[in-house]
Amino acid sequence: MGTISKNFSYHEFEASTKAKEKRINNTITSFDVRDALKSLVINLLQPLRDWANAAVNVSSGYRCPELNEAVGGSSTSQHPKGEAADVWCPVKTPYQLACAVIELGLEFDQMILYPGFLHLSYKKSGKQRMQILYNKSYKGKKLSV
């Protein structure tokens, strides 16, 4: 499918170790998913990448329904819709990334802090909930918003 922005491509959202291991085809086949990913990148991930001035890596992006089930994803997960990505940065902590999202005034649907990554979602249409959550395994600093 190609490039989404100067630093992100559709391929990195399809890449999955679990899909490869389980022989699941995680190729994006829907224009709706493609468009949702583009909204996520343009409105949230690329501005965050520009701020970090370093790679913002996608550890889990698009998940076809079969892959979402294989990884134990929620039935209401936004990953299968192309509206969510789990990201990490080699030079910034998940907390620093989360602070940047707030400081930059970026809209988001959900932001969930985990010990090693930040889950970000952006709805293609409708109102963004601006919901900040913490995974039960996250023991770091909390955002003061």
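Our subject is the structure listed above.
No experiment lies behind these values; they were computed from the predicted model shown.

Draft legend 1. Quick look at the overall build of the protein. Within the protein one finds five helices and five strands. For a compact globule of 145 residues, the expected C-alpha radius of gyration is about 15 Å, and the protein comes in at 14 Å, within 12% of that figure. The C-alpha extent of the protein, read off along each of the three principal axes, is 40 × 30 × 30 Å. Burial status across the protein gives 44% buried among its 145 residues. For the protein, the share of sequence-separated contacts (at least 6 apart) that also reach a separation of at least 24 residues comes to 61%. Carbon and sulfur atoms make up 49% of the accessible area of the protein, which totals about 7900 Å². Distance between charge centres in the protein, computed from 19 positive and 13 negative side chains, equals 5 Å.

Draft legend 2. Quick peek at the nonpolar core. Counting residues in each nonpolar core, the largest one holds 39 residues, and the members touching the most others are Phe13, Leu45 and Leu120. Top element by residues in this core is helix H3 (residues 31-52). It accounts for eight residues. The residues touching leucine 45, leaving out its near neighbours within four places in the chain, are Phe8, Phe13, Leu40, Ala85, Val87 and Leu120.

Draft legend 3. Representation of the sheet that holds strand S1 (residues 57-60). With respect to topology, five strands assemble into an open sheet ordered S1-S2-S4-S3-S5, the strand pairing being mixed. Either end of the sheet is taken by a strand with one partner, and the two such strands are S1 and strand S5 (131-134). Adjacent strand axes in the sheet meet at a mean angle of 30° when their direction is disregarded. Pairing of S1 with strand S2 (residues 84-88) involves three bridges; the strand directions are antiparallel. By the bridge assignment for S2, serine 60 is matched with aspartate 86. Each of S2 and strand S4 (118-121) is contacted by H3, which is oriented at about 145° to S4, the strand it contacts most.

Draft legend 4. Local environment of H3. With 22 residues, H3 extends 29 Å from end C-alpha to end C-alpha; this agrees with the ideal 32 Å at 1.5 Å per step. Where H3 bends most, at valine 41, the angle is about 45°. Burial in H3 covers these residues: Val33, Ala36, Leu37, Ser39, Leu40, Val41, Leu44, Leu45, Gln46, Leu48, Arg49 and Ala52. Looking at the buried positions of H3, the neighbouring elements they touch are helix H1 (10-14), S2, helix H5 (94-103) and S4. Capping of H3 at its N-terminal end is provided by serine 30; its side-chain oxygen lies 3.1 Å from the backbone amide nitrogen of aspartate 32. Positive backbone phi, approximately 50°, marks asparagine 53, located one or two places after H3.

Draft legend 5. The arrangement of the packing of aromatic side chains in detail. The full count for this structure, using the stated rule, is three aromatic pairs. Here the aromatic rings of phenylalanine 8 and phenylalanine 13 are separated by 6.3 Å at their centres, their planes lie at 45°, and the arrangement is tilted. A residue is classified by how much of its surface remains accessible, and phenylalanine 8, at 2% relative accessible area, is buried. Taking the relative accessible area as the measure of exposure, phenylalanine 13 reaches 0% and is therefore buried. Residues tyrosine 114 and phenylalanine 117 carry aromatic rings whose centres are separated by 4.2 Å and whose planes lie at 15° to one another, so their mutual orientation is stacked. For tyrosine 114, a relative accessible area of 22% translates into the label partly exposed.

What counts, and where the lines are drawn
- Residues numbered from 1 in each chain as written.
- Predicted model: local features only at pLDDT ≥ 70, side-chain atom pairs only at ≥ 80, totals over all residues.
- Heavy atoms only, no water.
- Helix = DSSP H or I, 4+ residues; strand = E, 2+ residues; numbered from the N terminus.
- Rg over C-alpha atoms; globule rule 2.2 N^0.38 Å.
- Buried < 20%, exposed > 50% of the residue type's maximum accessible area, 1.4 Å probe, protein only.
- Contact = heavy atoms within 4.5 Å.
- Areas by Shrake-Rupley, 256 points an atom, 1.4 Å probe, with all protein chains shown as cover.
- Lys, Arg positive; Asp, Glu negative; His and termini not counted.
- Charge placed at Lys NZ, Arg CZ, Asp CG, Glu CD.
- Core = buried A, V, L, I, M, F, W, Y, C linked by side-chain atoms within 4.5 Å.
- Pairing = 2+ DSSP bridges.
- Axes fitted to C-alpha atoms, helices over the stretch in contact; angles between N-to-C directions.
- Expected span 1.5 Å × (residues − 1).
- Bend = angle between axes of the 7 residues up to and from the residue.
- Polar contact = N/O pair within 3.5 Å; in protein donor to acceptor, adjacent residues only side chain to side chain.
- Phe/Tyr/Trp six-rings, centres within 6.5 Å; stacked < 30°, edge-to-face > 60°.

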